[in-house]
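Residue strings, one per chain:
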Amino acid sequence: MSELIEGFLGKSIEGRKSRLPAKLDYLQSATGLFLGLFMWGHMFFVSSILISKDFMYAVARFFEGSFIFEEPKPGLVSIVVAVVFLIFIVHAALGMRKLPANFRQWQVYRTHMKMMSHEDTTLWFIQAITGFAMFFMGSAHLFLMLTQPSTIGPFGSGDRMVFMWPFYLLLLLAVEFHGGIGLYRLSVKWGWFEGENAKQTRATLKKVKWAITVFFLALGTLTLVAYLKIGLENIDQNRVGQKYAPTTQIHEIYQAKVRA
Ligand code: HEM
C-alpha cells in the first residue's frame with residue numbers, strides 16, 4: 001500500500017522522497033570517472049605507435065599476458081574489454097535518464113540554453129549529443145575489440161584504420177568532448193579542487209579542461225594518421241592481413257639462417 005501511495009505522490013507515507021535518484025547519480029559519476037580515466041590510459045597505450053611499431057607490439061602483447069605466458073592469450077584482452085563494456089553500458093543507461101525525452105522537452109532546453117547563454121549549460125548540451133553518438137560508436141568499437149582481440153597490433157590496427165578512419169575520427173571527437181566535459185562537471189559537482197574562491201576555481205578548471213581536450217585530440221589525430229599510414233603501406237607492399245613480426249624476432253630468424 002505504501003508503495004502505491006509513493007507511486008502516486010512521489011513521497012512515502014512518512015513524507016520522505018526516495019534516495020534512489022541520488023544513488024543512481026553517484027553511480028553515474030563513479031562509472032563516468034572510471035571511463036574518463038580509462039580513456040586517458042587507453043590513449044597513451046594506443047599512441048605507443050607514435051614511438052615505434054615494436055613498442056606498440058610490445059604494449060599489445062603485454063595485454064595478452066606476455067609477462068606470464070609464452071604464447072599470447074588474446075582472451076585476456078576480451079576479459080578487460082568485457083569489464084569496460086559492462087561499465088560503459090551501465091554509464092550509458094544511467095545517462096539516458098537525463099536526456100530530454102520528447103520534442104517539447106528539447107524545445108524548453110534549447111530555449112533555456114539560448115536565453116541563459118551560460119557556458120556550462122551549453123556544455124551539458126554537447127555532452128548529451130556526444131553521449132548519444134557514443135551509444136552506437138562506442139558499442140561498435142568495443143564489440144570489435146571484444147570479438148577480435150588477436151587483430152590488435154601495428155599491422156592489424158593499421159589495416160582496420162584504412163576503412164574505419166572516418167568512424168574513428170568521429171569517435172575520437174565524441175570521446176574527447178564528452179570525457180573532457182564529463183570530468184570537468186564531476187569536479188564542479190562534487191567540489192573537488194575547490195579553493196577559497198569557487199568562481200576562480202571554476203575558471204581555472206575550465207582552462208585545464210580545454211588544455212586536456214586539445215592535448216588528447218592532437219594525440220589522437222596523430223595516432224590515427226600513424227595507423228592509417230601503416231595500413232596504406234600494407235596495401236602498397238601486399239601484406240594486408242599479415243601479423244607484425246617485431247624487429248628482434250626478424251633478427252633471431254636471420255641469425256638462425258646465417259648459422260645454418
Ligand atoms: C578495453 C577496451 C578497449 C580496447 C582494448 C581498445 C583498443 C583500441 C585499439 C587497439 C585501437 C587502435 C585501432 C584499432 O585497432 O581498431 C583503439 C582506438 C580507439 N579507441 Fe579503443 N579500446 C577500448 C575501449 C575504448 C572505449 C571505451 C572507447 C570510447 C568509447 C574507445 C575509443 C577509441 C578511439 C576514439 C580510438 C581511436 C584513437 C585515435 O584516433 O587515436 N576505446 N582502441
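Position labels on residues start from 1 in each chain and follow its written sequence. Since the coordinates come from a predicted model, pLDDT governs what is reported: local features require at least 70, and pairs of side-chain atoms require 80 or more to be given and counted, while whole-chain, interface and lining totals use all residues.

*Asks:* How do you make sense of the overall build of the protein when you look at a structure like this?
*Replies:* Within the protein, the secondary structure is distributed over 9 helices and 0 strands. Listing every helix and strand of the protein by position from the N terminus yields α-α-α-α-α-α-α-α-α. Note that the radius of gyration is over C-alpha atoms, with the globule rule given as 2.2 Å times the number of residues to the power 0.38. Taking 2.2 N^0.38 as the reference for a compact globule, 260 residues should give roughly 18 Å; the C-alpha atoms of the protein span a radius of gyration of 23 Å, well beyond that estimate. With the C-alpha coordinates aligned to their principal axes, the bounding extent of the protein is approximately 85 × 45 × 40 Å. Counting all 260 residues of the protein, 21% fall into the buried class. By the convention adopted here, residues are in contact when the distance between their C-beta atoms, placed from the backbone, does not exceed 7 Å. Look at the contacts in the protein between residues 6 or more apart in sequence, and 76% of them connect residues 24 or more apart. Helix numbering and strand numbering both begin at the N terminus, where a helix is a DSSP run of H or I of at least 4 residues and a strand a DSSP run of E of at least 2. Counting other C-beta atoms within 10 Å of a residue's C-beta gives its exposure: the residue is buried at 20 or more, exposed at 12 or fewer, and partly exposed in between, where C-beta atoms are placed from the backbone.

*Asks:* Which parts of the structure should I look at to understand the site of the ligand?
*Replies:* Should the C-beta atom of a residue, placed from the backbone, lie within 6 Å of a molecule or strand, that residue is near it. Of all residues adjacent to the ligand, which total 23 residues, the nearest are Gly138, Ser157, Gly220, Thr223 and Leu224. Going through the elements one at a time, helix H2 (20–46), helix H4 (74–96), helix H6 (119–147), helix H7 (154–190) and helix H8 (198–236) are the ones with two or more residues in the shell around the ligand. Counting residues per element, the shell around the ligand draws most heavily on H7, at 6 residues. When grouped by side-chain class, the residues that make up the shell around the ligand number 16 nonpolar, 6 polar and 1 charged. In this count, Pro and Cys sit with the nonpolar residues alongside Ala, Val, Leu, Ile, Met, Phe, Trp and Tyr, while Asp, Glu, Lys and Arg are called charged and the others, Gly among them, polar.

*Asks:* So what exactly am I meant to see when it comes to the nonpolar core here?
*Replies:* Generally speaking, a soluble globular protein has its nonpolar side chains buried in company with each other. Core analysis: the biggest nonpolar cluster contains 22 residues, and Tyr168, Leu171, Leu172, Val175, Leu224 and Tyr227 have the highest contact counts within it. Those elements that place two or more of their residues in this core are H2, helix H3 (53–63), H4, H7 and H8. The element that contributes the greatest number of residues to this core is H7, accounting for 7 residues. Setting aside its immediate chain neighbours within four residues, valine 175 contacts Met39 and Met134. A set of buried residues qualifies as a nonpolar core if it consists of Ala, Val, Leu, Ile, Met, Phe, Trp, Tyr and Cys joined through C-beta atoms within 7 Å.

*Asks:* What is the right way to read unusual backbone geometry from this model?
*Replies:* Only a minority of non-glycine residues have a phi that is not negative, and only a minority of peptide bonds are not trans. Although it is not a glycine, phenylalanine 193 adopts a positive phi angle of roughly 60°. Mapped onto the elements, phenylalanine 193 comes out in the loop between H7 and H8. On the basis of neighbour counts, which here come to 12 C-beta atoms within 10 Å, the residue phenylalanine 193 falls in the exposed class.

*Asks:* Quick question: what am I supposed to make of the packing of H2 against H4 here?
*Replies:* Between two packed helices, both the angle of their axes relative to each other and the distance between the axes serve to describe the pair. The angle between two axes is taken between their N-to-C directions and runs from 0 to 180 degrees, where each axis is a line fitted to C-alpha atoms and a helix contributes only its stretch in contact. Direction vectors running N to C along H2 and H4 enclose 135°, while the axes themselves pass 9 Å from each other. Comparing their axes, H4 and H2 come out oblique. As for the relative orientation of H2 and H4, their crossing is left-handed in sense. Judged by residue contacts, Leu24, Leu27, Gln28, Thr31, Gly32, Phe34, Leu35 and Phe38 of H2 engage Val84, Ile87, Phe88, Val90, His91, Leu94 and Gly95 from H4. In terms of residue class, the contact of H2 with H4 is built from 10 nonpolar, 5 polar and no charged. Reported orientations rely on four angle classes, namely roughly parallel under 35 degrees, roughly antiparallel over 145, roughly perpendicular from 65 to 115, and oblique for the rest. Two helices that cross are described as forming a left-handed crossing if the nearer one is turned anticlockwise from the farther one by less than a right angle, and a right-handed crossing if clockwise.

*Asks:* I'm lost on H6 in this one. Help?
*Replies:* Structural remark: α-helix, 3.6 residues per turn; residues separated by three or four positions point the same way. Under the convention used throughout, the expected extent of a helix is 1.5 Å for every residue step, that is, one less than its residue count. The end-to-end C-alpha separation of H6 is 40 Å, in line with the 42 Å expected for 29 residues at 1.5 Å each. Maximal helix bending in H6 amounts to about 40°, located at methionine 134. The set of residues buried in H6 consists of Gln127, Thr130, Gly131, Met134 and Gly138. Taken together, the buried residues of H6 touch H4 and H7. At every residue, the bend is computed as the angle between two fitted axes, covering the seven residues ending there and the seven beginning there respectively.

*Asks:* What is the right way to look at the packing of H7 against H8 in this model?
*Replies:* Contact geometry for H7 and H8: axes closest at 8 Å, N-to-C directions at 175°. Classified by the angle their axes make, H7 and H8 are roughly antiparallel. A per-class count over the contact of H7 with H8 returns 21 nonpolar, 8 polar and 5 charged.

*Asks:* I keep staring at the environment of valine 214 and nothing clicks. Help me out?
*Replies:* For valine 214, the location among the structural elements is in helix H8. According to the C-beta neighbour criterion, valine 214 is exposed, with 12 such atoms within 10 Å. Sequence spacing of valine 214 and phenylalanine 177 is 37 residues, and the spatial spacing of their C-alpha atoms is 9.5 Å.

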